[in-house]
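The lines below spell out each chain.
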There are 2 protein chains.
Amino acid sequence: MTKQLCLGGFMRPICLHTAWWRHPEAPADANFNWPVIKSLAQKLERACFDAIFTADHLALMPMPPEALKRSATVTSFDPLMMLSAIAACTDRIGLIATGSTSYEDPYLLARRFASLDHLSNGRAGWNIVTTVNPEAALNFGLETALRHAQRYERADEFFEVVTKLWDGWSDNALKMDKESGVFSDIERIRPINHKGKYFSVKGPLNIARPVQGWPVVALAGASEGARQMAAKSADLVFGNARSIETGRSFYQDMKSRAVAFGRNPDHIKILPANQVYVGHTRAEAIAKKRSMDDLVHVESNIPNLSIRLGVDCSKFDPDKLLPELPVTEQGQGNQREWVALARREKLTVRELAKRAAESGTGEMVGTPSEIADQMEEWLMTGACDGFIIVFHTVPDGYDDFVTMVVPELQRRGLMRTEYTGNTLRENIGLPRPNSPLDN
Amino acid sequence: MTKQLCLGGFMRPICLHTAWWRHPEAPADANFNWPVIKSLAQKLERACFDAIFTADHLALMPMPPEALKRSATVTSFDPLMMLSAIAACTDRIGLIATGSTSYEDPYLLARRFASLDHLSNGRAGWNIVTTVNPEAALNFGLETALRHAQRYERADEFFEVVTKLWDGWSDNALKMDKESGVFSDIERIRPINHKGKYFSVKGPLNIARPVQGWPVVALAGASEGARQMAAKSADLVFGNARSIETGRSFYQDMKSRAVAFGRNPDHIKILPANQVYVGHTRAEAIAKKRSMDDLVHVESNIPNLSIRLGVDCSKFDPDKLLPELPVTEQGQGNQREWVALARREKLTVRELAKRAAESGTGEMVGTPSEIADQMEEWLMTGACDGFIIVFHTVPDGYDDFVTMVVPELQRRGLMRTEYTGNTLRENIGLPRPNSPLDN
Ligand SMILES: Cc1cc2nc3c(=O)[nH]c(=O)nc-3n(C[C@H](O)[C@H](O)[C@H](O)COP(=O)(O)O)c2cc1C
Ligand SMILES: Cc1cc2nc3c(=O)[nH]c(=O)nc-3n(C[C@H](O)[C@H](O)[C@H](O)COP(=O)(O)O)c2cc1C
């Protein structure tokens, strides 16, 4: 079998392009319109996507009013609530929710992901984030966010607690023996008695071990701390490479770090985010992109760049090249990628800011076969194992990809034509973790 | 129109009878078997129930191993995750989840209930609890639970934060004007800047004001603190009266407290929990109850009584009358109801314990018309506005009620034959709260 792409669909927010909702056909409320979300999720399932991905930022985006009022991100569903509803209307597609180790509680989070995994019959995934949005802290009783290093220290312990809770149940804990009246073998349901620096949690959970053992674990950090955590523990790593070269170096770095932890490099999948514009001709694809980009209001540009760089960019001269930046406490890996882009293309602050509002991620533009060529090159030359596809608007971005790119990828054997596994782990080709209670 | 019963179906746990899962027809894993739960929820919707109710205890129940191993409560879904999935498969029935003010976070909780309300198009409800289960504290970094008075102090502030967050959005905050590119009127999306004793939360939420303004607010406390909070703020009050007399006195107490707060007494509905056994003949109904009760193992009795009374009952002489009890820090109202039952029927500890395992709630046993007679008497003589129906097993308890009792209640005009409102508030006849931003 040819190597195949692992594909996730970015569904929360429903699109990342600042102006997606201004497209003439777009239902502007799609971020919290359940019938629309349901039909898009079912569309991605019919196209055999591996998973749906939902991000989360736990506050309004940190933007000045002039930009914020133009952003459709002000209202969206809680990611786990949204995926639980989607679980009920789909059968095979994976369901990956972002969950914050800085602001959520590990017992509740472990239980919610276990619930999603049982509800969906083994399709849940957890995207671990430390939360880049500095405004979030203020919604959770803190004056400022934890510093970057502390955030990942806390994330490590949070992850340890959550996985111990899942492992606190043996796969064989339930007897359900009507004759004797014994429901469970409580020797196989163990307290974890965790006492650490950040958390103290007795356990066990009051829900059985997830169908997948552990839901699929994703991580999207790019700083040193995040890369080490991902190399050690993540099944999926979301990236933000904006060129095949930066993609390749991130890919190689992550695979070798995983090997250094004694892992099989095939068991950690690298998936950069990728906004796709496709047309029957190249000109049509470019025109689509241009018409979307023309809808972005200039007020949105600098604030979007500030978010990407984790630095207030309104103080820079917009017509000069991007100056040297201080190290950010927010998203270090993100900053690195955007600085690289600015240097590579010698962009002024104004030009770079425009790009930031047009797409937060890498981008591909072209005919179905041009898109497939690029994806194939990324896959075959060690720049990725697949992509998180970002759609430029609703429903067009979704329809374009599903009707034009997917058939071309399937024709080339780069994408499945039907699901082969039942669980998300099976579909992606990931091993199922055992509980120590079952060893 | 005759006065009608407001009916909720108790679905998490799926039944309360300790031995429900041993019934020959019962799928023993029904507490976390999604296809079973989905079909039961749809059944209650076809029967025009007002709402589904889900409880939550945030830890394994505090029982010794010999009892715990017999309990099907060890594994269930997170209530909000379960209701989100049910929302996607139903159209009209209300969805009430228990959410703890002692262990959840107000920003996340407000956002999740707002999500459920939007996903379900206005069918969400929040059952506020301070969490009776003392074991829960240990899963959330505490050595012991907050003391009773402090729990309700914290609950008050928690509720204030959550409702301020919902009210931080005007109903008219979203412009979604494609022409000008203005998505929201950010003057109508306001930070709450709450700083209190327990919480400090800036806001606003990153989800629009709930469809119902506020999801329906339920409360199940019975102590002084809980009654005051319910009288001031709750739309629904769940009770645990075990006789029409205690029901009536609770009903009258709650209605007059509500009036003292300047509220319309019709806008606070009193719903005792009620486990129903119904048969074509009275003998058949009694036989059903007996065959369920015979499945309860003796080891389960005392631990169940300990939970109801909030006191370790294993130290009492089982063959003596219940001694005077210390005031519990756990569920004061619950204790009062069980002590009243013991005194009224002069039960020994052993006899009372057997009742505790057989049903945690009031009970009705009889033919459809006998059940309807009793319900009608409770409704018409000011002992309740309806019931939270507890089913004795799956699927029989559900089927019996829906096929035998519901048609009888409908025939008498005591229950609707189709939904008249769209939202849960409309169906129950509750006003929709306005945001101060819209006054
Ligand atoms: C595809 C993708 C999705 C992301 N989703 C989120 C998210 O939902 N919430 C969040 O706080 N950060 C999100 N991030 C940011 C990362 O978690 C991370 O903070 C960022 O890449 C910077 O890395 P660092 O934190 O290691 O410096 C995402 C990043 C990528 C590439
Ligand atoms: C129908 C009903 C459902 C309840 N559900 C819960 C629940 O899910 N979680 C919980 O901790 N307590 C639950 N309780 C207990 C109450 O919240 C409350 O703690 C108890 O009635 C004792 O009252 P008090 O806390 O005011 O003393 C429930 C009570 C009733 C009557």
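Residues numbered from 1 in each chain as written. Chains lettered and ligands numbered in written order. Predicted model: local features only at pLDDT ≥ 70, side-chain atom pairs only at ≥ 80, totals over all residues. Heavy atoms only, no water.

1. Notes on the overall build of chain A
For chain A, the helix and strand inventory stands at 14 helices and 13 strands. Compactness check: chain A gives a C-alpha radius of gyration of 22 Å against a globular reference of 22 Å for 439 residues, within 12% of the reference. The 439 residues of chain A split such that 64% are buried. Here the analysis covers contacts within chain A between residues at least 6 apart in sequence; of these, 79% occur between residues at least 24 apart. Carbon and sulfur atoms make up 51% of the accessible area of chain A, which totals about 15,400 Å². Each charge sign in chain A was given a centre, from 51 positive and 54 negative side chains, and these centres are 2 Å apart. (Helix = DSSP H or I, 4+ residues; strand = E, 2+ residues; numbered from the N terminus. Rg over C-alpha atoms; globule rule 2.2 N^0.38 Å. Buried < 20%, exposed > 50% of the residue type's maximum accessible area, 1.4 Å probe, protein only. Contact = heavy atoms within 4.5 Å. Areas by Shrake-Rupley, 256 points an atom, 1.4 Å probe, with all protein chains shown as cover. Lys, Arg positive; Asp, Glu negative; His and termini not counted. Charge placed at Lys NZ, Arg CZ, Asp CG, Glu CD.)

2. Some thoughts on the interface of chain B and chain A
With 74 residues of chain B at the interface, the matching set in chain A holds 74 residues. Here chain B meets chain A over a buried area of about 6,300 Å², counting both sides, of which 60% is carbon and sulfur. When the area that chain B buries against chain A is broken down by residue, the three leading residues are B:M81, B:K178 and B:F183, summing to 12%. Between chain B and chain A we count ten salt bridges in total. (Buried area = accessible area lost by both parts, 1.4 Å probe. Salt bridge = Lys/Arg side-chain N within 4 Å of Asp/Glu carboxyl O.)

3. Notes on the UniProt feature "domain: Luciferase-like" (unreviewed entry) in chain A
The UniProt record annotates "domain: Luciferase-like" (unreviewed entry) at residues 22-382 of chain A. Helix makes up 40% of residues 22-382 of chain A and strand 14%, whereas the separation of the span's terminal C-alpha atoms amounts to 37 Å. (UniProt positions renumbered as here; feature names shortened; annotations may be inferred.)

4. Digging into the relation of the copies chain B and chain A
Laying chain B over chain A is done by rotating through 180 degrees and shifting 0.0 Å along the axis; what remains is an RMSD of 0.0 Å. Overall, the copies show the geometry of a two-fold rotation axis. Among all C-alpha atoms of chain B, that of B:A85 lies closest to the rotation axis, at 2.1 Å. Of the residues that chain B buries at the interface, 100% are likewise interface residues in chain A, meaning the two copies contact each other through the same surface. (Least-squares fit on C-alpha atoms with pLDDT ≥ 70 in both.)

5. Some thoughts on the site of ligand 2
Residues and elements named next belong to chain B. Taken together, 23 residues form the shell around ligand 2, and within it D56, V132, A220, S223 and Q332 come nearest. H148 is positioned with one of its side-chain polar atoms (N or O) 3.0 Å from an oxygen atom of ligand 2. Take Y152: an N or O atom from its side chain is 3.0 Å from an oxygen atom of ligand 2. The fraction of the free accessible surface of ligand 2 (620 Å²) that becomes covered by protein chains is 94%. Broken down by element, the shell around ligand 2 gets its largest block of residues, three residues, from helix α10 (residues 332-345). (Near = heavy atom within 4 Å. Polar contact = N/O pair within 3.5 Å; in protein donor to acceptor, adjacent residues only side chain to side chain.)

6. Overview of the packing of aromatic side chains
We describe a pair of aromatic rings using the distance from one ring centre to the other and the angle between the two ring planes. Residues and elements named next belong to chain A. Summed over the entire model, instances satisfying the criterion amount to 34 aromatic pairs over all chains. For the pair W126 and F158, a centre-to-centre distance of 5.9 Å together with 50 degrees between the ring planes defines the contact as tilted. Linking W126 in strand β4 (residues 124-129) with F158 in helix α5 (residues 148-167), this pair joins segments that are 32 residues apart in sequence. F158 matches W126 in its accessibility class, with the two residues each being buried. Geometrically, the ring pair formed by F391 and Y398 is stacked, given 3.9 Å between the ring centres and 25 degrees between the ring planes. With a relative accessible area of 1%, F391 lands in the buried category. Members of the aromatic cluster, connected to one another through ring pairs, are F113, W126, F158, F159, W166, Y198, F199 and W214. (Phe/Tyr/Trp six-rings, centres within 6.5 Å; stacked < 30°, edge-to-face > 60°.)

7. Details of the side chain of B:R242
All names here are of chain B. Relative to the helices and strands, R242 resides in the loop between β10 (236-239) and α7 (244-260). It turns out R242 is buried and unbridged, and the closest side chain with the opposite charge, E363, is 6.0 Å from it. Look past the residues within four positions of R242 in its chain and what remains in contact with it is E337, W338, L341, R344, S359, G360, T361 and G362.

8. A few points about the environment of A:E299
Inspection of the secondary structure puts A:E299 in the loop between α8 (282-293) and α9 (301-309). In contact with A:E299, not counting residues within four places along its chain, are A:E66, A:A67 and A:R70.

9. Considering the site of ligand 1
Residue and element names in this part refer to chain A. Taken together, 23 residues are adjacent to ligand 1, and D56, V132, A220, S223 and Q332 come closest. Contacts to ligand 1 include D56, whose backbone N or O atom sits 2.7 Å from an oxygen atom. Between an oxygen atom of ligand 1 and a side-chain N or O atom of S223, the distance comes to 2.5 Å. Where the shell around ligand 1 is concerned, the elements lending two or more residues are α5, β10 (236-239) and α10 (332-345). Considered class by class, the residues forming the shell around ligand 1 number ten nonpolar, twelve polar and one charged. (Nonpolar A, V, L, I, M, F, W, Y, C, P; charged D, E, K, R; others polar.)

10. Points about helix α13 (residues 396-411) of chain A
All names here are of chain A. The end-to-end C-alpha distance of α13, which contains 16 residues, comes to 22 Å, matching closely the 22 Å that a straight helix rising 1.5 Å per residue would cover. Of all the bends in α13, the greatest, near 30 degrees, is centred on V405, and the proline P407 appears no more than four residues after it. When α13 is considered as a whole, its buried residues turn out to be G397, Y398, D400, F401, V402, M404, V405, V406, E408 and L409. Packing partners of the buried residues in α13 comprise β1 (6-12), α1 (34-46), β11 (269-278), α8, α12 (368-380) and β13 (386-391). (Expected span 1.5 Å × (residues − 1). Bend = angle between axes of the 7 residues up to and from the residue.)

11. Things to note about unusual backbone geometry
Omega for the peptide link from A:G203 to A:P204 comes to -5 degrees, which places this bond in the cis form. Relative to the elements of secondary structure, A:P204 occurs in the loop between β8 (200-201) and β9 (216-219). Backbone torsion omega between A:V394 and A:P395 reads -5 degrees, so that peptide bond is classified as cis. Inspection of the secondary structure assignment puts A:P395 in the loop between β13 and α13. Residues other than glycine seldom take positive phi values, yet A:N193 does so here, at roughly 45 degrees. Mapped onto the elements, A:N193 comes out in the loop between β6 (182-184) and β7 (194-195). The class of A:N193 is exposed, set by a relative accessible area of 52%. Notably, B:M176 is not glycine yet its phi reads approximately 50 degrees, a positive angle.

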